[in-house]
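Fold and contact review
Each chain is listed here by its residues.
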Amino acid sequence: MRGITKRYPGVVANDGIDLEVREGEIHALLGENGAGKSTLMNILYGLAVPDAGQILLDGKEVEIASPHDAIRRGISMVHQHFMLVPVLSVAENILLGEEPMAGRVFLDRTASKHRIKELGDRFGWEIDPDKPVGSLSVGWQQRVEILKALYRNARVLVLDEPTAVLTPQETKEIFGVLRKLKAEGYAIIFISHKLYEVLDVADRITVIRRGKVVGQRIPSETDEDDLAKLMVGRDVELTVDRGESHPAQPVLSIANLTVRDDRGHELVRDVSFEVRAGEIFGIAGVAGNGQDELVEAVVGLRHATSGTVTLAGTDITHASPRTLHKMGLGFVPGDRHRFGMVLSFPLTDNLVLNDYYHAPYARGLRRNDAAIEAYAKEAIEKYDIRTPSADVSGGTLSGGNQQKVVVAREFEGELHLLVLDQPTRGLDVGSIEFIHNQAIARRDTGIAILLVSAELDEVLEMSDRIGVMFRGQLVAVLDGRTADREDVGLLMATGGRGGGVQPQTMEEDAS
Amino acid sequence: MEFLYDIPVIGMVIQFVVYVIVQLPVLAPTIMAAAVPIILGALCGFMNERSGVVNIGIEGMMLTAAFVAWWTAAIAAQFLPDLRIGIMGITLPLLIGLALAILAAMAVSAVHAWLSISVRADQIISGTIINIFAVGITGYLNLLISQHSPPSAGQFQALRLPSFLADIPIIGPLVGALIGVGPIALSMLISVIVLQVLLFRSRWGLRTRSVGEHPKAAETVGIDVIKLRYRNVILGGVFAGLAGAYLTIEFGNAFQGEMTAGRGFIALAALIFGRWTPVGAFGAALLFTASIGLQRSIQFAPPEGALGDFLSTLPSQFYSALPYIIVIIVLAGVVGRSVAPAAVGRPYERESKAA
Amino acid sequence: MTAATAPKRSLWRRAWDVSLLPAIAIGLALIFGAVLMILSSPLIGGFDLFLPITAYKALLQGSVGSLNSIVNTLVNATPLVLAGLAVGIGFKGGLFNIGAQGQFLIGAMCAAVAAIALNDASPWVAVPVSIIAGMLGGMAWGFIPGFLKAFRGAHEVVTTIMLNFVAIYLVSYVISGPMRGTGPEVTFARTDAIVAAELPIIIGRNGHLGLLFAAVAVPLAWWLLYRSTTGFEIRTAGANPDAARYAGMHPRWLIVLTMSICGLLAGLAGASEILGEVGYMPASYGTTVGFDAIAVALLGRANPVGILFSALLFGAMQAGAGQMQVEAGIPAQMVAVLQAVILFFLAAESVVRRVLKVRTAGTGLGTELQTVSRSYGEQATR
């Protein structure tokens, strides 16, 4: 790829990027969120059209206007957000677009099954082709994604943050697969912002920052500090300075909590733990193991089937979100577009989303716009929200600034407990640092914090204590400062009972 | 059996059920005839919604087609020789009317496709526009043309079944209700079966389902989402065209303003209740129109005793409103629930905006 | 972007921004109508290239040509304002109220029933009681789909349409059955004449009290939406029901409340029509107010002030349609065609902008309504 440039309104996502990938190598593309990695790969895959630059394949310039073109030229991609259709079966998902046909109209089902089996056998995976993809665990969905890419006879394989939601063990397995494919002669582009992963698996590393290539390295000639500096553009603390914690009395107590969904499946099973004032309790787990439901039950968005939740001595098992907010619970939701903000509303309205109804923001039924605006100005300054004014709609801000709006709203007031669900997902390093530091500052004022994150590193770095969730159960509670990455990963993958063996047959998701 | 009828309330329910079962063969043709345009409308909705486009403009498409079928057939009949094919009352003018009705509905569908897919306008607004426009334009032209009162072109006739088949008790009338019908009703029956099979067994069906559920995933494996949606929405117009033509040149023999009377919307409800499958919509539509058959039956052959007295004291308006009430009850989830294709109602943007 | 917090530009500048595209859409629709008239002129009285001029002139005269026509426009606009608000507030709450028609009919019927019962009472009693009866009737008819959506997952687009038909038959039954009039003037299925509850004329030949209702409803609706906490809740639940729940609001009850308010307004429209304009309730009331209201709300972009202006426009078209039919032979259905075409060009706004190179900070028609279409995909999943 030569001189690739892509502009979006307000930003230059790619600015004259050159990238060269050879046969039989794993080439890592390193950069923080928003640096332009995904845009570059979308261009390569025909999902975005560059404003300038060219793509060469085997030395010849090619035009890739759609994924169809890319596939035809042997380029396949595993996307950061799985591109799988949940209601379709594994076989249908893998074969979609290149279906084996019996005649001109109908699908050839026997040939389909045969091909899927062949594919799975290459890696020793036992595939059930008829299972709906939506019922699979994240790890298996990832495998299906990879098979899907390979089925298309790719020569160039792009993997966009393939390890983001995996356990360390699953990551290792994926790396094994990548090395195997490398030996078979594939050209592999591996996108990540995790330094140690890149150092582990890549043959060459290209670092991009704000849409530009800022350097190229070979793993043996570099280290994490060097890469981090290159990636962010300044010296950064790689680990959060979480300092000493002084936990006091329990603030949040959860006892035998069980949550069932509409169909009666137990999503959270008999979970008990306490979060004390002045400590961060982190929950680690592979996505879909009941963390979302646990959080929703705590913050009043989901009905608990049995068990109790207590906040500062009061039973809040069936309390409404508003009652909880009044009692001093702040909640940064995992999906800020869905829960955290109304994107079409101005920042003023978003900043008082759960305080709009009482003084000084309202008198009786009447809103007090002057008070709301005054408060918004203050919050924008205090939380360093970069916005032209308080009146622009939330949707116009960058992800980092949107999250700061949510944080500004939830970190204020008289707090006892903060629930942080994926607080830094998809944010740039600056915003991540800001939010982490704010959280630790709140902890040090004696607030209890419950942190849930799919990023194991975040849980390891921030937490004073770590709980691991597996299939709806809390399988272990560890000390946050001494917990070992591998151990936690193993607990996440097996719940501590599998003895370290990766399941090779298709298991269903717990939820 | 009849001694049971004397039990208060329950007896009446039992008698009612028995009455319906006995009357069913007699009712079947009426129910079927009323269901045909609803099922065809539902097939139009099926083609749209399975590929991720909401279509509440079916009503307007049907009305447009009904108008075009009626008037073009009438005009053709004035200028063309009365060529008869000999079965089902098929004549050249009627075929011309049918063909143009289908084309008209496809043209309206193309507008809907353009607004929903290319312009990415709100799909429900697009459908609303179609409905308002259809009422206006057909009413406007109908008033102008009917001043010149051209003669009618007649209508399609039902297929006459051989007597050995029609005479079998119970089965005969039921089979007759299904296939002893006109060409449009027959095409509906075939379409339901063909679409059902294609949806789950064909490449088209698989791709359509993927586009309706997760268009981005479909795009990343090289499927042209925009093209497939266009094709399906426009082809869906064929069924709305058939439904409209059915009203004016097969089921009835006249055009009136707003004559579709909400059938396009009942079709949508049938689609939802039928879990977005052709066969399901077929069954749902029959349930909705059963009340129409019931009304006629109670008029001509009321059950005996207290039940008959009770049923005939209900005002005629009650029976007229019954299909709509059944739709509401069914949608309110008394009977079950169904899940729409996940991407329905969301315009697809090919290039993601985020950096 | 809400009116309350819009950037502080000059009022004129904002008015220009907001009304330019609707004005273009109206202009394009008039051109479309003209072409249609010319094409259909052979059916009317021979090919006539100038038929549109005759027709539009008659339309203009019939709507604003004299005091009486202006009052006529206002009278026609009144139910459109009220029913338009009934649809528009629904839009703000993420609901597509296609049921304004049914709510209007039930409101009209309830008002008529009360008015007939109070025919011997003092107007000071009869008028308010009949009006309230109409509002309550409409409210009940709005409550049903609201409740079904909130608690049973039935999408309002389908249920409100079904309820429109149920309303037609219910009115037909009540008016041709128990409420059928006995007076000498009753020559078809209708009630007796409404006497005591008849709305007083306040301006011109037929400008009744209902005009005031509409005039008051607009600022009231605006205040509700943009200045009250309840309105904030309605808008939040409309824009993002999940966020509303998270923020401690009750989106389900807000759906019920919003639909009830919508029904109340449409019911008031029905009551005002029957008591102020018609004077009795017919068993089959051939009106399209509820459907025109959708066009009004869309053209007014669900904003009460916008709804006022678009109702005046459509009211004027209806007021002039009669004269257009008499003088140019153009059937009144032309108005519906024009409405649809206006909406078409508004829906295709992005294309109109591109082709005509318009640059204003317009607000998209779709953004208000995205939740409506999206929720359609989620119906019955609960």
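Because the structure is a prediction, the values reported are computed rather than measured.

Our focus in this paragraph is the overall build of chain A. A count of helical and extended segments in chain A gives 17 helices and 24 strands. Principal-axis analysis of the C-alpha atoms places the extent of chain A at approximately 70 × 50 × 50 Å. Within chain A, the fraction of its 511 residues that count as buried is 48%. Pairs at least 24 residues apart make up 70% of the contacts formed inside chain A by residues separated by at least 6 positions.

This brings us to the environment of Val166(C). Its place among the elements puts Val166(C) in helix α6 (residues 156-176). In sequence terms Val166(C) and Gly263(C) are 97 residues apart; their C-alpha atoms lie 15 Å from each other. Not counting residues up to four positions away in its chain, the partners in contact with Val166(C) are Ala321(B), Tyr324(B) and Ile325(B).

On the chain A side, the residues contacting the 19 residues of chain C number 26 residues. When residues of the side of chain C that touches chain A are traced back to their parent elements, those giving at least two are α8 (229-239) and α9 (241-246) of chain C.

This next bit is on the interface of chain C and chain B. Taken together, the 52 residues of chain C in the interface contact 48 residues of chain B. Secondary structure elements with two or more residues in the side of chain C that touches chain B: α1 (11-44), α5 (123-152), α6, α11 (289-299), α13 (334-347), α14 (349-356) and α15 (365-377) of chain C. Counting residues per element, the side of chain C that touches chain B draws most heavily on α6(C), which supplies twelve residues. Residues belonging to the side of chain C that touches chain B are distributed by class as follows: 34 nonpolar, 14 polar and four charged.

Let us look at the packing of α11(C) against α13(C). Residues and elements named next belong to chain C. Where α11 contacts α13, the axes come no closer than 10 Å and their chain directions differ by 30°. Like other packed secondary-structure pairs, α11 and α13 cross with a definite hand, here left-handed. Contacts between α11 and α13 involve Asp292, Ala295, Leu298 and Leu299 from the former and Gln339, Ile342, Leu343 and Leu346 from the latter. Considered class by class, the residues forming the contact of α11 with α13 number six nonpolar, one polar and one charged.

Moving on to the sheet that holds strand β24 (residues 473-479) of chain A. All names here are of chain A. Strand order in the open sheet formed by six strands is β18-β21-β22-β15-β23-β24, with mixed pairing between adjacent strands. Across the chains shown, the open sheet's two edge strands, defined by having one partner strand only, are β18 (329-332) and β24. Geometrically, the sheet is characterised by an average inter-axis angle of 15° between neighbouring strands, direction not taken into account. Where strand β15 (residues 280-284) meets strand β23 (residues 465-470), four bridges bridge the pair, whose relative direction is parallel. By the bridge assignment for β23, Phe281 is matched with Arg465. Those strands touched by helix α15 (residues 429-444) are β15, β21 (417-421) and β22 (448-452), and its axis lies near 145° from that of β22.

Our focus in this paragraph is the nonpolar core. Ile39(B), Ala65(B), Ala270(B), Leu82(C), Ala83(C) and Leu265(C) are the most contacted members of the largest nonpolar core, which totals 409 residues. Of the residues forming this core, the biggest block, 16 residues, is contributed by helix α1 (residues 10-50) of chain B. Ignoring anything within four residues of it in the chain, the contact list for Ala83(C) reads Ala100(C), Phe104(C), Leu265(C), Ala266(C), Ala269(C), Val289(C), Gly290(C) and Ala293(C).

What follows is about the sheet that holds strand β5 (residues 60-62) of chain A. Residues and elements named next belong to chain A. Sheet architecture is open: four strands sit in the order β2-β1-β4-β5, paired in antiparallel fashion. Two strands in the sheet have a free side with no partner beyond their single neighbour: β2 (11-17) and β5. Strand-to-strand twist across the sheet, computed as the mean angle between neighbouring axes with direction ignored, equals 35°. Relative to β5, strand β4 (residues 52-57) is paired through three bridges, and the arrangement is antiparallel. Following the sheet pairing, Leu57 is matched in β5 by Lys60.

Attention now goes to the pairing of strand β6 (residues 75-78) of chain A. Note on strand geometry: in a regular strand, side chains alternate between the two faces of the sheet. All names here are of chain A. Residue alternation in β6 divides its side chains into two sets, Ile75 and Met77 and Ser76 and Val78, and both sets are buried. Here β6 runs beside strand β9 (residues 156-160); their pairing, made up of four bridges, is parallel. Note that in β9 the partner of Ser76 across the bridge is Leu157.

Looking now at helix α10 (residues 225-251) of chain B. All names here are of chain B. Across its 27 residues, α10 extends 37 Å between first and last C-alpha, which sits within 8% of the 39 Å expected from 1.5 Å per residue. Roughly 40° is the biggest bend found in α10, and it falls at Ala245. Within α10, 23 of the 27 residues are buried, leaving the element largely enclosed by the surrounding structure.

Parameters and conventions
Residues numbered from 1 in each chain as written. Chains lettered and ligands numbered in written order. Predicted model: local features only at pLDDT ≥ 70, side-chain atom pairs only at ≥ 80, totals over all residues. Helix = DSSP H or I, 4+ residues; strand = E, 2+ residues; numbered from the N terminus. Buried ≥ 20, exposed ≤ 12 C-beta atoms within 10 Å, placed from the backbone. Contact = placed C-beta atoms within 7 Å. Nonpolar A, V, L, I, M, F, W, Y, C, P; charged D, E, K, R; others polar. Axes fitted to C-alpha atoms, helices over the stretch in contact; angles between N-to-C directions. Left-handed = near helix turned anticlockwise from the far one by under 90°. Pairing = 2+ DSSP bridges. Core = buried A, V, L, I, M, F, W, Y, C linked by C-beta atoms within 7 Å. Expected span 1.5 Å × (residues − 1). Bend = angle between axes of the 7 residues up to and from the residue.

So yeah, pure geometry; function would need other evidence.
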